[in-house]
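Take a look at the letters that make up each chain.
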Amino acid sequence: GQYTVSTRKNVRILLVGDAGVGKTSLILSLVSEEYPEEVPPRAEEITIPANVTPEQVPTSIVDFSSVEQTEETLGLEINKAHVVCIVYSVDDDDSLDRITSHWLPLIRSKCNATLEGDAETEAETEAAGEGLRKPIVLVGNKIDLIDYSTMDSVLAIMEDFPEIESCVECSAKTLHNISEMFYYAQKAVLHPTSPLYIMEDQE
Ligand code: GTP
Ligand code: MG
């Protein structure tokens, strides 16, 4: 396959996932470095200055709330994002199943709908024709609640969806792997490990 070299000067991260998995808590935990007992439905969009991010790139983090926002808004946000974190709760199998039954197909369909218009460079325009995919990070939150791992299920999903760049289990409550999660999301945009588009004749 072919690789695209990213020269982005900013990174926009969108968090999606079923209600109650902890999207808002993850964002507020990262920002305040402590677990918020009470959270609003949706966190305000925040931009972390370049000098405090691991990759030295200003990074915007965007929450999604199905209560406060429509699916149309979600489509627009998916297209504006450079990487989408699909959050599930490790103690909730339904939220894990919904990654493949709902979220990944939804993100693919929203991207395909606007492929041509969104391309910024010639390489991206060309990639669009070949089926450009939005890089994805799978985030298993609430790891404080269980004493096993969901990684086996997640690795199986990754085999079927090459746009998934990485996966991480974390906890907004104990702050375990919180900064790592956002670092993986940055890295998925700036240093993708797999081609972001699939060549038809790829072996
Ligand atoms: P919606 O806005 O409804 O889509 O939900 P959300 O994904 O933003 O989840 P939210 O952050 O509101 O958290 C839902 C519930 O899970 C809250 O009661 C949180 O306190 C709790 N929660 C969030 N993260 C964790 C975690 O890491 N561990 C535990 N034990 N509970 C958590
Ligand atoms: Mg929320």
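Values in this document were obtained by computation on a predicted structure and should not be read as measured data.

**What to know about the coordination of the magnesium ion (ligand 2)**
Surrounding the magnesium ion (ligand 2) are the protein donor atoms Thr24 (OG1) and Pro41 (O), which sit 2.1 Å from the metal. In this pair, Thr24 is assigned in helix 1 (residues 23-32) and Pro41 in the loop between helix 1 and strand 2 (46-48), connecting sequence segments 17 residues apart. Note on Pro41: relative accessible area 47%, which makes it partly exposed.

**Observations regarding the pairing of strand 5 (residues 136-141)**
The buried fraction of strand 5 amounts to six of the six residues, a majority that puts the element mostly inside the structure. Going residue by residue along strand 5, you find Ile136, Leu138 and Gly140 tucked away on one face and Val137, Val139 and Asn141 tucked away on the opposite face as well. As judged from the five bridges shared by strand 5 and strand 6 (residues 164-169), these two strands associate in the parallel manner. What sits directly across from Val137, in strand 6, is Ser166. Taking the sense of rotation as the criterion, the β-α-β connection linking strand 5, helix 6 (residues 151-160) and strand 6 turns out right-handed.

**Points about the site of ligand 1**
Contacts to ligand 1 come from 18 residues, most closely from Lys23, Thr24, Ser25, Tyr35 and Asp144. In this structure, Gly20 approaches ligand 1 through a main-chain N or O atom, which is 2.9 Å from an oxygen atom. Contact with the protein chains hides 80% of the accessible area of ligand 1, taken as 650 Å² for the molecule alone. Looking at which element gives the most residues to the shell around ligand 1, the answer is helix 1, with three residues.

Conventions used here
- Residues numbered from 1 in each chain as written.
- Chains lettered and ligands numbered in written order.
- Predicted model: local features only at pLDDT ≥ 70, side-chain atom pairs only at ≥ 80, totals over all residues.
- Heavy atoms only, no water.
- Donors = N, O, S within 2.8 Å, 3.2 Å for Na, K, Ca; no water.
- Helix = DSSP H or I, 4+ residues; strand = E, 2+ residues; numbered from the N terminus.
- Buried < 20%, exposed > 50% of the residue type's maximum accessible area, 1.4 Å probe, protein only.
- Pairing = 2+ DSSP bridges.
- Right-handed = clockwise from strand over helix to strand, strands pointing away.
- Near = heavy atom within 4 Å.
- Polar contact = N/O pair within 3.5 Å; in protein donor to acceptor, adjacent residues only side chain to side chain.
- Areas by Shrake-Rupley, 256 points an atom, 1.4 Å probe, with all protein chains shown as cover.

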